[in-house]
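Structure at a glance
Spelled out from the first residue to the last, the chains are:
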Amino acid sequence: MLENFRRKHDYLVCIDSDGCAMDTMNIKHFRAFGPQMIKVFGLEEWQDELLERWNRENLFSFTRGMNRFLGCFSLLSYVHETYREIPGLADMQDWIENATSLSNAGLKQRLAEAPSELLEKALEWSNAVNKAVGEIPEEENVPFPGVLETLQKIHEVADIAIVSSANPEAVHEEWTRTGLMPYVDVVCAQNVGTKAQSIGYLLEHGYDKAKVIKIGDAPGDQDAAEQNHVFYYPILAGDEAACWKAFDEVYFDRFMAGTYGEVQEEMQKRFNDNLSRHSDS
Ligand SMILES: [Mg+2]
């Protein structure tokens, strides 16, 4: 899709999927990531506290959206320091620090080279998470209120790109099933590259950087915008619908009028304040 993409407008709006346009992030953590941590690693004794901690670290603080294996390592380290020894934690740390890819494939490769009981468990957990995510009924994976209407409005005057680190099949399925895809001009999912690289590729189509904005919900989205010197509009965790409404009614018009730069700093501040309220405690 990226090769066939042609710029139609002077303006480009890049939109993240999970936790930004699609209300899919909380549910995955509440029903799959956290509970499977407890189950696979046998942490039932401290379940309530650990689930709360998992959600805070992965959803409601500056580590929102971090790689799943970093989240896993962080929680196990906490358990190791606080409750009981986690044998093999050094293996996991070594893999995390040296891996070229923190993925199931990368983990399998590592296990073939250097067996580790804890890393076997991490792979088992990751597979269990995928299975549990697959069992979430699709009708529960829907866009946040107001997203469809906002995309319709944007698409009349600007190009729309999905810029996401999710897998492309999931993005296509979710955006097609929920009626958002007709308003999308190009999809840049994890197969295209990182979010920063994807924005970089899109800029090669001749957009002026002052006419490009990234809408996202996680520090990774903000970084991708900053690296490419384009604008960033945050969808705040816990306040998503109101943020989309404000973009639709106020900030998109500012972006088109060339005055979004005046509020960019305030937007960054709101984003940082929202995540720092819950960070490290
Ligand atoms: Mg996201």
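Up top you'll find the structure we're talking about.
Rules and cut-offs
- Residues numbered from 1 in each chain as written.
- Predicted model: local features only at pLDDT ≥ 70, side-chain atom pairs only at ≥ 80, totals over all residues.
- Heavy atoms only, no water.
- Donors = N, O, S within 2.8 Å, 3.2 Å for Na, K, Ca; no water.
- Pairing = 2+ DSSP bridges.
- Helix = DSSP H or I, 4+ residues; strand = E, 2+ residues; numbered from the N terminus.
- Axes fitted to C-alpha atoms, helices over the stretch in contact; angles between N-to-C directions.
- Core = buried A, V, L, I, M, F, W, Y, C linked by side-chain atoms within 4.5 Å.
- Buried < 20%, exposed > 50% of the residue type's maximum accessible area, 1.4 Å probe, protein only.
- Contact = heavy atoms within 4.5 Å.
- Right-handed = clockwise from strand over helix to strand, strands pointing away.
- Expected span 1.5 Å × (residues − 1).
- Polar contact = N/O pair within 3.5 Å; in protein donor to acceptor, adjacent residues only side chain to side chain.
- Salt bridge = Lys/Arg side-chain N within 4 Å of Asp/Glu carboxyl O.

The next thing to look at is the coordination of the magnesium ion. Those protein atoms acting as donors to the magnesium ion are Asp-16 (OD), Asp-18 (O) and Asp-217 (OD), and they sit at 2.1 to 2.2 Å. Read in sequence order, the donor residues for the magnesium ion give the motif D-x1-D-x198-D.

So, on to the sheet that holds strand β4 (residues 212-216). In spatial order, the strands read β3-β2-β1-β4-β5; together these 5 strands make up an open sheet with parallel pairing. Of all strands in the sheet, those with a lone pairing partner are β3 (186-188) and β5 (231-234), marking the two edges. On average, each strand axis in the sheet is inclined to that of its neighbour by 25°, with strand direction left out of account. For strand β2 (residues 159-163) and β3, the ladder comprises 3 bridges, and the chain directions are parallel. The residue of β3 that forms the bridge with Val-163 is Cys-188.

This part covers the nonpolar core. Counting residues in hydrophobic clusters, the biggest one holds 57 residues, and the most contacted among them are Ile-15, Trp-175, Leu-202 and Tyr-233. Excluding its chain neighbours within four sequence positions, the residues that come into contact with Trp-175 are Ile-15, Asp-16, Ser-17, Ala-21, Met-22, Leu-151, Ile-162, Leu-180, Met-181 and Val-184. Judged by nonpolar contacts, the second largest core, of 31 residues, contains Ile-38, Phe-41, Leu-43 and Met-92.

β2 sits mainly inside the fold: 5 of its 5 residues count as buried. Residue alternation in β2 divides its side chains into two sets, Asp-159, Ala-161 and Val-163 and Ile-160 and Ile-162, and both sets are buried. Bridge count between strand β1 (residues 12-15) and β2: 4 bridges; the pairing is parallel. In the sheet register, Ile-15 faces β2, and the bridge partner there is Ile-162.

This part covers the pairing of β5. Covered by surrounding structure in β5 are Phe-231 and Tyr-233 together with Tyr-232 and Pro-234, the residues of both alternating faces. The pairing of β4 with β5 spans 4 bridges and is classified as parallel. Paired with Gly-216 across the strands is Pro-234, a residue of β5. This β-α-β element, β4 to helix α10 (residues 219-228) to β5, shows right-handed connectivity.

Moving on: helix α3 (residues 68-82). The first and last C-alpha atoms of α3 sit 21 Å apart over 15 residues, in line with the 21 Å expected at 1.5 Å per residue. Phe-69, Gly-71, Cys-72, Phe-73, Leu-75, Leu-76, Ser-77, Tyr-78 and Val-79 are the residues of α3 that are buried. Looking at the buried side of α3, the elements it contacts are α1 (25-41), α2 (47-59), α4 (89-98), α5 (104-113) and α6 (117-134). Where α3 begins, the side chain of Asn-67 points an oxygen toward the backbone nitrogen of Phe-69, at a separation of 2.7 Å.

This part takes up the pattern of salt bridges. For the structure shown, the criterion picks out 21 salt bridges. Here Arg-110 makes a salt bridge to Asp-94, at a shortest N to O gap of 2.8 Å. Placement of the pair is Arg-110 in helix α5 and Asp-94 in helix α4, with a sequence separation of 16 residues. Overall, the relative accessible area of 16% leaves Arg-110 in the buried class. The class of Asp-94 is partly exposed, set by a relative accessible area of 34%. Among the ionic pairs, Asp-221 bridges to Lys-214, the shortest N-O distance being 3.2 Å. Summarising the burial analysis for this pair, Asp-221 and Lys-214 share the class buried. When salt bridges with common partners are traced through the structure, they connect Asp-16, Lys-195, Lys-214 and Asp-221 into a single cluster.

Read these as layout, nothing more, since geometry by itself doesn't imply function.
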